[in-house]
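Chain residues, written in single-letter form:
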Amino acid sequence: MHVILRQSRRISDYAKSEILHFVQNDKHRSFIALAVLLFVTSFAIPAHAEVVERIVAVVNGDIITQTDLDNYIKMGEEIQSKTRAFKELEKENRRRMALDQLVDQAIMDQEIEKSEIVVTDEEAMRAIKNILAQNRMSMQMLRQEVARKGMTWSQYEENVKREIKKVKFVNQVISTEVKIADRDLRDYFDKHRGSFHGGKKARVAEIVFPFTGIDSEEEAIELRDKAIRVAREAHANPESFARLAKQHSRGPNADKGGDLGMVNIADLPSMVAEMVRGLPAGGVTPPIPTDNAIVIAKVIAWPKLSAEEFEKVRDTIYDRLHNERIADALKAYIQRAKQHAFIEIR
């Protein structure tokens, strides 16, 4: 790959808003799910709009314009946090991240075109009808929304066909790389018991940074930064959690590594409970703002469940694991394709 780069109030409320940015940006998002979300909710700008303007990247001859980049960044900002931390995030970093994602999309679009996958008008109309049903919209409402976004109906239909091509490409090319054995399902189930059973109980440990004694914005920023540093260390090495709790936590059982024992998850603060339910055994949350403190939680263990309970959720486990591995395989495929691409960043 050839790349050319060219340089062209209340203190607790403040701390919570700053930490919330870190939490929201730390969540893993599916590449495919995000692409569909942006497509359905934003009715993306047509890929071949005729605009004479600055070119910011060229990918195997296909151009990415400044408008493409600006619109992509804007959509990301609408989805991301509106906190001060996000607004003050270095503009060039946001630009680079967005441009990298646009380059990946361009690579994928080119690979799809090479595959010569065909989408008929009938398939596009079925997809549009599904969008109408899922969003409880009439055809007239959809046409009005498309027009409001500055697109013609034919452009919208082409976008729909492009998205269907992506789905077909994933099914025909990427899915063949994904293999799932019965042991994989059982291992996934063991690690994610809470998310399959409502997460009623779990053995949980926590590191707590109280807002007590925080009297200035500078102190709030210092507390925020400390929580982020500790969380990153705990993520990098979950086995260090107990040591970090003894060293930094000001919560209950800090001297025992923050171990709360088996707890009812519903008794935890709402955002902490939500994050804990999605963790595997050994998983660690990002720093989470609550009313009185910043909390980092770890699931030490989930209760043992029966083989019968496993069979009840077997299909759900397969779908979830399959989607995760598809996303990983797609990312790896794009990275391999980039190794043979000519990419110029201006």
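In this text the structure is predicted, and so the values were computed from the model without any measurement.

Draft legend 1. Structural detail: the nonpolar core. Ranked by size, the top nonpolar core spans 27 residues in total, and within it Ile64 and Ile174 carry the most contacts. Contributions of two or more residues to this core are made by β2 (55-59), α5 (91-114), α8 (153-174), α15 (314-338) and β8 (342-345). With eight residues, α5 is the single largest residue contributor to this core.

Draft legend 2. Structural context of the packing of aromatic side chains. Scanning all chains against the criterion turns up two aromatic pairs. With a centroid separation of 5.2 Å and an interplanar angle of 40°, the aromatic rings of Trp153 and Tyr156 are classed as tilted. Pair noted here: Trp153 and Tyr156 are both in helix α8, with a separation of three residues, about one helical turn. Assessed through its relative accessible area of 15%, Trp153 is described here as buried. Judged by its relative accessible area of 1%, Tyr156 falls in the buried class.

Draft legend 3. Main features of α15. The end-to-end C-alpha separation of α15 is 36 Å, in line with the 36 Å expected for 25 residues at 1.5 Å each. Along α15, the residues classified as buried are Ile317, Leu321, Ile326, Ala327, Ala329, Leu330, Tyr333, Ile334, Ala337 and Lys338.

Draft legend 4. Molecular detail of unusual backbone geometry. Within the chain, Arg136 stands out as a residue other than glycine whose phi angle is a positive 55°. Mapped onto the fold, Arg136 is located in the loop between α6 (121-135) and α7 (139-148). Given the relative accessible area of 77%, Arg136 is considered exposed. One non-glycine residue with positive phi stands out, namely Asn253, at about 60°. Of the residues examined, Asn253 reaches a relative accessible area of 32% and is grouped as partly exposed.

Draft legend 5. Looking closely at the pairing of β2. Most of β2 sits out of view: four of its five residues are buried. Taken together, β2 and the strand that follows it, strand β3 (residues 62-65), pair antiparallel across an intervening segment of two residues, in which Asn60 is found at a positive phi of about 50°. Across three bridges, β2 lies against β8 in antiparallel orientation. Directly across from Val59, in β8, lies its bridge partner Ile343.

Draft legend 6. View of the sheet that holds strand β4 (residues 201-210). Strand order in this open sheet of four strands is β5-β4-β7-β6, and the pairing throughout is antiparallel. Two strands in the sheet have a free side with no partner beyond their single neighbour: β5 (259-264) and β6 (288-289). Two elements, β4 and strand β7 (residues 293-301), share eight bridges in a ladder whose sense is antiparallel. Looking at β7, one finds that Val208 is bridged to Val295.

Draft legend 7. Main features of the confidence of the model for the chain. Mean pLDDT over the chain: 77, with 76% of residues reaching 70 or higher. Counting contacts from residues 1-12, a segment whose pLDDT is below 50, to residues more than four positions away or on other chains yields 28 contacts. Here residues 18-52 scores under 50 on pLDDT; set against residues more than four positions off or in separate chains, the count is 68 contacts.

Draft legend 8. Geometry of the packing of helix α11 (residues 217-236) against helix α12 (residues 241-248). As a packed pair, α11 and α12 sit with axes 9 Å apart at the nearest point and diverge in direction by 160°. When the interaxial angle is binned, α11 and α12 end up roughly antiparallel. Of the two elements, α11 crosses α12, and the hand of that crossing is right-handed. Residues Lys226, Val230, Glu233 and Ala234 of α11 lie in contact with α12, whose contacting residues are Phe241, Arg243, Leu244 and His248. Classifying every residue of the contact of α11 with α12 gives four nonpolar, one polar and three charged.

Rules used throughout
Residues numbered from 1 in each chain as written. Predicted model: local features only at pLDDT ≥ 70, side-chain atom pairs only at ≥ 80, totals over all residues. Heavy atoms only, no water. Core = buried A, V, L, I, M, F, W, Y, C linked by side-chain atoms within 4.5 Å. Buried < 20%, exposed > 50% of the residue type's maximum accessible area, 1.4 Å probe, protein only. Helix = DSSP H or I, 4+ residues; strand = E, 2+ residues; numbered from the N terminus. Phe/Tyr/Trp six-rings, centres within 6.5 Å; stacked < 30°, edge-to-face > 60°. Expected span 1.5 Å × (residues − 1). Pairing = 2+ DSSP bridges. pLDDT = per-residue confidence, 0-100. Contact = heavy atoms within 4.5 Å. Axes fitted to C-alpha atoms, helices over the stretch in contact; angles between N-to-C directions. Parallel < 35°, antiparallel > 145°, perpendicular 65-115°, else oblique. Left-handed = near helix turned anticlockwise from the far one by under 90°. Nonpolar A, V, L, I, M, F, W, Y, C, P; charged D, E, K, R; others polar.

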